[in-house]
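Overview (structure and organization)
Given next are the chains, with one letter for each unit.
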Amino acid sequence: MGIITSQQLQNYYDFYRDKEVTYTKEVLRTLAVDPRQIYVKCNGAQWPCIINSTSFQIARIIVGTKGGAYAAMAKKDPPPVSLRFYFIQQHDQPISFFVTGRITDISPYMNSTELAVITLTFTQRPPDDLIEKIGSMLEANSNAIRRKDERIIITDDAKRRMNMTRDETIIFIQNVPRRCILRDISFSGAKVILLGIEKFIQGKETILRIHFDEPDEIIQLAGHVVKTSPVEGRPEIIYACLQFDEAAVPTSYRIRINTYLTSMRKTILNTVQQQQENSSTQKPAAQEAGSSTPSNTGSQPEASSQTEGTSPAEPATQPVSSEVSAQETEVEPKEETVQA
């Protein structure tokens, strides 16, 4: 994940302050939370608990009604409570911290007499690490809807920025593994090139595998083929456009796509801003040079091409394409059977 600025952290906090995240298995895996290291601390003692959900203002935990944690927190005037978060980082030291809060509600968990849900309201803004992890996940889920059709052309630079190990990968078509090459990807789909016959692939169910680094993971994306087209001059090779099953797209994949799109948009904005600054510094110099030119004939010199009203040039590159790329590949996929 890229470097998060203080302004971005503030935006996360302002936009998603009241958004509550339930810690499902996928969320725990995406955020790299170790649930065995979650503790609640009260009156100088700490007990393990189950984290049920959090926002930037509250947390809900589940504890047993017969344990010491419930006895300490269920008092009429309970003392302040601290909740310990624990995040695993690949190749780095884990991140752990406490967030202090006060108990604002206690209720049975799903009408159980043995488990209770305790709501903690934070008494201060949570640490930046928590805001970054939850905020980036919520932003990715939001942009997966708003920007779902923005395609990323697979280039060496795109692979590097997304920590994608390679563009050659495996696609399962009706559970049959086949080699393919990625041409572009988006929140909602992908385009691949592979050996095959169009009529035998059109509309078939697929599972696309993509290997990423940092952290090292293989993401599987279920979907189906919505369109095929032949490669010009190569009838044995076809393009296949895939549409992912929206409900089955992993959150970790959305975060990677969103991080790339956001970084490229910032690059474009910075380029435009730099061009505007360069243009504004060139204008006074051109005007000063024009005013110092002697006028012996009384005729007025022609206006310089860098006068007021000149607009900055558009960025020369467009990293994200909304159209399907039709570039031919120089690498032929091999028709091989791969062990699943």
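Here's what I pulled together on the structure shown here. (Residues numbered from 1 in each chain as written. Predicted model: local features only at pLDDT ≥ 70, side-chain atom pairs only at ≥ 80, totals over all residues. Heavy atoms only, no water.)

Here the focus is the overall build of the protein chain. A tally of regular secondary structure across the protein chain gives 7 helices and 16 strands. Buried positions account for 39% of the 340 residues belonging to the protein chain. Pairs at least 24 apart in sequence give 65% of the contacts found in the protein chain among residues at least 6 apart. (Helix = DSSP H or I, 4+ residues; strand = E, 2+ residues; numbered from the N terminus. Buried < 20%, exposed > 50% of the residue type's maximum accessible area, 1.4 Å probe, protein only. Contact = heavy atoms within 4.5 Å.)

Scanning the model with the defined rule gives 7 aromatic pairs in all. Arranged with centres 6.4 Å apart and planes meeting at 85°, the rings of phenylalanine 15 and tyrosine 16 form a pair that is edge-to-face. Since its relative accessible area comes to 62%, phenylalanine 15 is described here as exposed. Classification of tyrosine 16 by relative accessible area gives buried; the value is 15%. Connected via pairs of aromatic rings, a cluster forms that spans Tyr12, Phe15 and Tyr16. The cationic tip of lysine 191 hangs over the ring face of tyrosine 239; the distance from NZ or CZ to the ring centre is 4.3 Å. (Phe/Tyr/Trp six-rings, centres within 6.5 Å; stacked < 30°, edge-to-face > 60°. Lys NZ or Arg CZ within 6 Å of the ring centre and 35° of its normal.)

All right, on to the pairing of strand E15 (residues 234-244) then. Pairing analysis gives 7 bridges linking strand E12 (residues 189-195) to E15, with the strands arranged antiparallel. In the strand pairing of E15, isoleucine 193 is matched with tyrosine 239. Across 8 bridges, the pairing between strand E14 (residues 217-231) and E15 is antiparallel. Each residue of the ladder has a partner; that of proline 230, found in E15, is isoleucine 238. Hairpin connection between E14 and E15: a loop of 2 residues separates the two successive antiparallel strands, and glycine 233 in this loop has a positive phi of roughly 80°. (Pairing = 2+ DSSP bridges.)

Side chains bearing opposite charge may pair, as long as their charged atoms lie close to each other. This structure, assessed with the given rule, holds 13 salt bridges. The salt bridge partner of lysine 159 is aspartate 156, with a shortest N-O separation of 3.5 Å. Pair noted here: lysine 159 and aspartate 156 are both in helix H5 (residues 156-162), with a separation of 3 residues, about one helical turn. Since its relative accessible area comes to 15%, lysine 159 is described here as buried. Between glutamate 236 and arginine 234 there is a salt bridge, and its shortest N-O distance comes to 3.0 Å. Accessibility expressed as a relative area gives 35% for glutamate 236, which makes it partly exposed. (Salt bridge = Lys/Arg side-chain N within 4 Å of Asp/Glu carboxyl O.)

Taken in spatial order, the 8 strands of this open sheet run E1-E4-E5-E8-E7-E6-E2-E3, and their pairing is antiparallel. Of all strands in the sheet, those bounded by a partner on one side alone are strand E1 (21-22) and strand E3 (45-48). Bridging between strand E2 (residues 39-42) and E3 involves 4 bridges; their strand directions are antiparallel. Note that in E3 the partner of cysteine 42 across the bridge is alanine 45.

Another aspect to go through is the side chain of arginine 254. Tracing the chain through its elements places arginine 254 in helix H7 (residues 251-291). The side chain of arginine 254 sits in the buried core without any salt bridge; glutamate 246 is the nearest counter-charge, 5.0 Å away. The residues contacting arginine 254, other than those within four sequence positions of it, are Ala140, Asn141, Ala144, Phe187, Glu246 and Val249. (Lys, Arg positive; Asp, Glu negative; His and termini not counted.)

So, on to helix H4 (residues 128-146). Under the 1.5 Å per step criterion, the end-to-end length of H4 is 26 Å for 19 residues, consistent within 8% with the ideal 27 Å. Taken as a whole, H4 has its buried residues at Leu130, Ile131, Lys133, Ile134, Gly135, Ser136, Met137, Leu138, Glu139, Ala140, Asn143 and Ala144. (Expected span 1.5 Å × (residues − 1).)

Inspection of the secondary structure puts serine 186 in the loop between strand E11 (176-185) and E12. Take serine 186: its relative accessible area is 3%, and that puts it in the buried class. Looking at serine 186, its side chain comes within polar contact range of the main-chain oxygen of lysine 148, at 3.5 Å. If near-sequence neighbours (up to four positions away) are discounted, serine 186 is found in contact with Lys148, Glu150, Arg151, Phe244, Tyr253 and Ile257. (Polar contact = N/O pair within 3.5 Å; in protein donor to acceptor, adjacent residues only side chain to side chain.)

Time to look at the nonpolar core. With 40 residues, the main nonpolar core has Tyr23, Ile61, Met73, Leu83 and Phe85 as its most contacted residues. Tallying contributions element by element places H4 first for this core, with 6 residues. Every residue in contact with phenylalanine 85, bar those within four places of it in the chain, is listed here: Tyr23, Ile38, Ile51, Thr54, Ile95, Ser96, Phe97, Val99 and Leu130. With 32 residues, the next largest nonpolar core counts Ala158, Met162, Leu194 and Leu221 among its residues. (Core = buried A, V, L, I, M, F, W, Y, C linked by side-chain atoms within 4.5 Å.)

The next point concerns unusual backbone geometry. For residues besides glycine, phi is generally negative; the peptide bonds are generally trans as well. With an omega dihedral of -5°, the bond running from glutamate 214 to proline 215 counts as a cis peptide bond. Structurally, proline 215 is set in the loop between strand E13 (205-212) and E14. With phi around 50°, glutamine 174 is a residue other than glycine that occupies positive phi space. Relative to the elements of secondary structure, glutamine 174 occurs in the loop between strand E10 (168-173) and E11. At glutamate 214, a residue that is not glycine, the phi angle is positive and equals roughly 50°. On the secondary structure map, glutamate 214 appears in the loop between E13 and E14.

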